[in-house]
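# Summary of structural features
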Amino acid sequence: MKIIACIKQVPDSEAKVKAESGQVSWGDAPLVINPFDEYAVEGALQQKEASGGASSSLSTVTALCVGPESAREALKHALAMGADEAVLVSDAALENLDTVGAARVLAAAIQKIGGADMVVFGRQTLDNGAGLTPAQTARVLGWPMLGLAGQIKVEGGSVTVERVLDEGRQSMKANLPAVLSVVQSIGEPRYPSFMGIRKASKATIPVWSLDDLGIAAPTAIVTRTELMNPPAQELATEMITGETPAEIAEKLAEKILAEKVL
Amino acid sequence: MKTFVYIDHFNGEVQPASWEALGLAKSFGSAIALVFGSNVDAVAKAAVEYGADEVLVADDASLTDYRAETYASTLASLAAAASPLNPNLILFPTTARTREMSAMSAVDLNTGVLTDVSALEVNSDSFIATRPIYEGKVLEKTVCSGKPVMATIRGRAFPKPNREEGKSGTITKVAAAGEAKSTVEGYSASESAVNLGDAGVIVSGGRGVSNNPSLTPPAGMDEKQAEVWRAQQGFALVTELAQLLGGAIGASRAAVDGGYITYSHQVGQTGKVVAPDLYIACGISGAIQHLVGMRNAKVIVAINKDADAPIFKQARYGVVGDLFQIVPALTEAMKKKLGK
Ligand SMILES: Cc1cc2nc3c(=O)[nH]c(=O)nc-3n(C[C@H](O)[C@H](O)[C@H](O)COP(=O)(O)OP(=O)(O)OC[C@H]3O[C@@H](n4cnc5c(N)ncnc54)[C@H](O)[C@@H]3O)c2cc1C
Ligand SMILES: Nc1ncnc2c1ncn2[C@@H]1O[C@H](COP(=O)(O)O)[C@@H](O)[C@H]1O
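Notes on the structure in this doc start here. Computed from a predicted model, the values in this text were never measured in an experiment.

### As for the overall build of chain B
The helix and strand tally for chain B stands at 9 helices and 18 strands. Against the globule reference of 20 Å for 340 residues, chain B gives a C-alpha radius of gyration of 22 Å, in line with a compact fold. Overall, chain B is about 70 × 45 × 40 Å in size when its C-alpha atoms are taken along their principal axes. A sequence separation of at least 24 residues applies to 64% of the contacts in chain B between residues at least 6 apart. Accessible surface, chain B as shown: approximately 12,700 Å² in total, 48% of it carbon and sulfur. Distance between charge centres in chain B, computed from 31 positive and 34 negative side chains, equals 6 Å.

### A look at the site of ligand 1
In the vicinity of ligand 1 lie 26 residues, with B:Arg207, B:Ser252, B:Thr270, B:Ser285 and B:Asn304 positioned nearest. The local environment of ligand 1 is shared, drawing residues from chains A and B. One of the side-chain N or O atoms of B:Asn211 is found 2.8 Å from a nitrogen atom in ligand 1. A distance of 2.8 Å separates an oxygen atom of ligand 1 from a polar atom in the side chain of B:Gln289. When the free accessible area of ligand 1 is taken as 990 Å², the share hidden by the protein chains comes to 79%. Only α6 (253-257) and α7 (288-294) of chain B provide two or more residues apiece to the shell around ligand 1. Taken together, the residues that form the shell around ligand 1 break down as 6 nonpolar, 15 polar and 5 charged.

### Regarding the sheet that holds strand β6 (residues 89-93) of chain B
Two modes of strand pairing occur in sheets, parallel and antiparallel, and in both the strands are linked by backbone hydrogen bonds. All names here are of chain B. In spatial order, the strands read β7-β11-β6-β1-β4-β5-β12; together these 7 strands make up an open sheet with parallel pairing. Each edge of the sheet is formed by a strand with only one pairing partner; in this case those strands are β7 (113-117) and β12 (170-173). Strand-to-strand, the axes of this sheet are offset by a mean angle of 25°, without reference to chain direction. Both strand β1 (residues 2-6) and strand β4 (residues 30-37) contribute to a ladder of 5 bridges, which runs parallel. Each bridged residue has a counterpart across the sheet, and for Val 5 the counterpart in β4 is Ala 33. The sheet strands contacting helix α1 (residues 17-28) are β1, β4, β6 and β11 (149-153), and the helix crosses β6 at an angle near 155°.

### Things to note about the interface of chain B and chain A
By a widely used convention, the size of an interface equals the accessible area lost when the partners come together. With 91 residues of chain B at the interface, the matching set in chain A holds 84 residues. Carbon and sulfur atoms make up 57% of the area that chain B and chain A hide from each other, which totals about 7,400 Å². The largest per-residue losses of area from chain B upon contact with chain A belong to B:Tyr134, B:Tyr263 and B:Tyr317, which jointly make up 10% of the total buried on that side. Here chain B is connected to chain A by 11 salt bridges. The partner of A:Glu259 in a salt bridge is B:Arg316, with the nearest N and O atoms 3.8 Å apart. Applying the counting criterion to the chain B and chain A interface returns 45 residue pairs in polar contact (both at pLDDT 80 or more). For the side of chain B that touches chain A, the element with the highest residue contribution is helix α4 (residues 96-109) of chain B, accounting for 10 residues.

### Some details on unusual backbone geometry
Residues A:Leu176 and A:Pro177 are joined by a peptide bond in cis, for which omega reads 0°. Relative to the helices and strands, A:Pro177 is located in the loop between β11 (168-175) and β12 (178-182). Here the residue pair B:Lys147 and B:Pro148 is connected by a cis peptide bond, since its omega of -5° sits within 30 degrees of zero. Within the element layout of this structure, B:Pro148 appears in the loop between β10 (138-144) and β11. Unusually for a residue other than glycine, A:Leu148 sits at a positive phi of about 55°. Secondary-structure assignment places A:Leu148 in strand β9 (residues 145-155).

### Focus on helix α3 (residues 99-113) of chain A
Residues and elements named next belong to chain A. Its 15 residues give α3 an end-to-end C-alpha distance of 21 Å, which sits within 8% of 21 Å, the value for a rise of 1.5 Å per residue. By the criterion of burial, α3 is predominantly enclosed, with 12 of the 15 residues buried. For α3, the set of buried residues is Thr 99, Val 100, Gly 101, Ala 102, Ala 103, Val 105, Leu 106, Ala 107, Ala 108, Ala 109, Ile 110 and Ile 113.

### Remarks on the packing of α3(A) against helix α4 (residues 133-141) of chain A
Residues and elements named next belong to chain A. Where α3 contacts α4, the two axes come as close as 8 Å, and the packing angle between them is 55°. Between α3 and α4, the angle is such that the two are oblique. Crossing of α3 against α4: the hand is right-handed. Residues Thr 99, Val 100, Ala 102, Ala 103, Arg 104, Leu 106, Ala 107, Ile 110 and Gln 111 of α3 lie in contact with α4, whose contacting residues are Thr 133, Gln 136, Thr 137, Val 140 and Leu 141. In the contact of α3 with α4, the residues fall into 8 nonpolar, 5 polar and 1 charged.

### Things to note about the packing of aromatic side chains
Tallied over the entire structure, the rule returns 8 aromatic pairs over all chains. Grouped by ring-pair contacts, the aromatic residues B:Tyr6, B:Phe36, B:Tyr66, B:Tyr71 and B:Phe92 constitute a single cluster. The aromatic ring of A:Trp208 is capped on one face by A:Lys112, whose charged end is 5.0 Å from the ring centroid.

### Quick word on the site of ligand 2
Residue and element names in this part refer to chain A. As a structural note, the neighbourhood of ligand 2 is formed by 21 residues, with Cys 6, Asp 37, Val 66, Gly 131 and Thr 133 the closest of them. Here a nitrogen atom of ligand 2 and a backbone polar atom of Val 66 are 2.8 Å apart. For ligand 2, an oxygen atom lies 2.8 Å from a polar atom in the side chain of Thr 125. Here ligand 2 has 490 Å² of accessible area as a free molecule, and 97% of this is covered by the chains. Among the secondary structure elements, those contributing two or more residues to the shell around ligand 2 are β6 (60-66), α3 and α4. In terms of residue class, the shell around ligand 2 is built from 10 nonpolar, 9 polar and 2 charged.

### With respect to the packing of α4(A) against α4(B)
Put simply, α4(A) and α4(B) touch, their axes get as near as 8 Å, and they point 40° apart. Taken together, the axes of α4(A) and α4(B) lie oblique to each other. Relative to α4(B), the crossing made by α4(A) is right-handed. Across the interface between the two elements, A:Ala135, A:Gln136, A:Ala138, A:Arg139 and A:Val140 of α4(A) pack against B:Glu100, B:Ala103, B:Met104, B:Ala106, B:Val107 and B:Asp108 of α4(B).

Criteria and thresholds
- Residues numbered from 1 in each chain as written.
- Chains lettered and ligands numbered in written order.
- Predicted model: local features only at pLDDT ≥ 70, side-chain atom pairs only at ≥ 80, totals over all residues.
- Heavy atoms only, no water.
- Helix = DSSP H or I, 4+ residues; strand = E, 2+ residues; numbered from the N terminus.
- Rg over C-alpha atoms; globule rule 2.2 N^0.38 Å.
- Contact = heavy atoms within 4.5 Å.
- Areas by Shrake-Rupley, 256 points an atom, 1.4 Å probe, with all protein chains shown as cover.
- Lys, Arg positive; Asp, Glu negative; His and termini not counted.
- Charge placed at Lys NZ, Arg CZ, Asp CG, Glu CD.
- Near = heavy atom within 4 Å.
- Polar contact = N/O pair within 3.5 Å; in protein donor to acceptor, adjacent residues only side chain to side chain.
- Nonpolar A, V, L, I, M, F, W, Y, C, P; charged D, E, K, R; others polar.
- Pairing = 2+ DSSP bridges.
- Axes fitted to C-alpha atoms, helices over the stretch in contact; angles between N-to-C directions.
- Buried area = accessible area lost by both parts, 1.4 Å probe.
- Salt bridge = Lys/Arg side-chain N within 4 Å of Asp/Glu carboxyl O.
- Expected span 1.5 Å × (residues − 1).
- Buried < 20%, exposed > 50% of the residue type's maximum accessible area, 1.4 Å probe, protein only.
- Parallel < 35°, antiparallel > 145°, perpendicular 65-115°, else oblique.
- Left-handed = near helix turned anticlockwise from the far one by under 90°.
- Phe/Tyr/Trp six-rings, centres within 6.5 Å; stacked < 30°, edge-to-face > 60°.
- Lys NZ or Arg CZ within 6 Å of the ring centre and 35° of its normal.

Okay, here's the thing in structure tokens:
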């Protein structure tokens, strides 16, 4: 099994992100692998193990990222978790990439890697939060899309996933190769092992340009025109106290009703 | 101005934000509703009643089970520049399905999708959408230079139009397109449908719902089983309050990871982002990853034993106390006041 996990690098979720003179700023908060994509790497590693064992060379996991040079660190995290290889696509012409553009670049990189049996995505990015790239990559490749998988099972040439939807779980099946996106139910991402961290620190990560991929920079169709901080909430917390739970509840119920939100 | 509105449904159960999208489309001009599936006459009729000027129905066996490929191809064939309908804008409610199908049709039509939109302005011929980025810590205005512009709207961000029962209108059959690349093998409804996105009230439980040492679990349970059993007693209280207020049940990730409740209830960064009118957090500490999922609620009430819990900083009303005492007392008080 040849598996590719697509990952992006984003500011840590604890970061205080704000709009500052037209730019997004996160101070000195660290950049990390997109939390949803840690599940993608975890899902990919689980499938590698299920298909031939952790050490089998027949099965490989390649982490793939389109981003700036600094995104190497996110790929190293994937390597430290157990991915076999990593590829960074980086090019100055890729600065204003929208999701369709990202999908086209990812699809070209997937072809250059030599294709795959399965490409695993996270559910969405923490920065853009569009949740579009997996289905768009599948469309560009012409592969089936199995989205929001909480469980993955490969049998023969096909893959079955348990899709986690608001309405319940849906079991969906397609032939390989296929594009998947995964959700948290796939299982906690493993921590990088000591060996993994050592391996990752020594790994050389190839960097491909658009020329290497043989494609031109996609024109951005979706563009940002303005950046804003959300309106500041002037919030005074009112603590409700009383002698007994019943007295507190009575006061709180009155407050809630007075808000006219029911 | 002509707008398509995709009416998202699961087995005929319509996502309410579809009607909000329809109302928004009407504010720009004429609104053509799109209904895909099989045996969807009732959905098409409802679309007329909610104000669609026309409804296009693709009723076909190939569309019985939602599959992104066929739904996207059907949509793209109706919206293509060569189609006589040629809309300027396509609106969707934001759901798992619409993210996929809009994503794919955008590739086909060489346009883009603006997701999770909370405001949409028209400026001569372009649409300017406001949407959250970085988990809502920052907002951006974005435009799409392709045609049609596609936008998925956030639930409860736009007013829902009134329904005029019995209204009649034009319903036109259209053809399905595309080939499915997957099969739906089954569907387990074992988890009750959770619709946090358009709930007006959400009552949520966190790790604290398992913390009632005075409850004695049935004999023979190991420690983990006893914890889950206690949590179920806690969630029963949360559920009772939610039901009384006509709301949905939410949860923190600690509650989901603890096995107290299923993932579809999770609110937060890796769960759902919600914006109800009232959010009652019971036994939730208020980690940033939870807050990004609920801080846009109009009124937040926090019930927590620990006076220093960060959740209180986000709350309009706070109670420092044991949820096992406060929550049932609140249910009682509300029952009386609501005359139930
Ligand atoms: C990448 C990533 C993604 C994440 N995504 C999410 C997400 O989507 N959603 C989410 O919620 N979390 C998420 N988390 C986890 C988050 O960081 C917190 O760990 C989690 O929200 C804590 O849940 P909690 O508040 O229920 O538990 P705790 O932090 O353990 O808090 C329990 C609270 O209950 C109170 N309590 C205990 N007993 C009682 C009682 N009897 N009565 C009243 N109060 C009581 C305690 O005082 C405490 O404040 C994520 C974390 C990471 C790293
Ligand atoms: N630049 C990128 N490089 C690699 N993978 C990406 C990139 N952008 C998005 N992805 C993948 O697509 C998923 C959804 O991204 P988005 O559509 O931006 O929300 C992410 O969770 C990643 O798995």
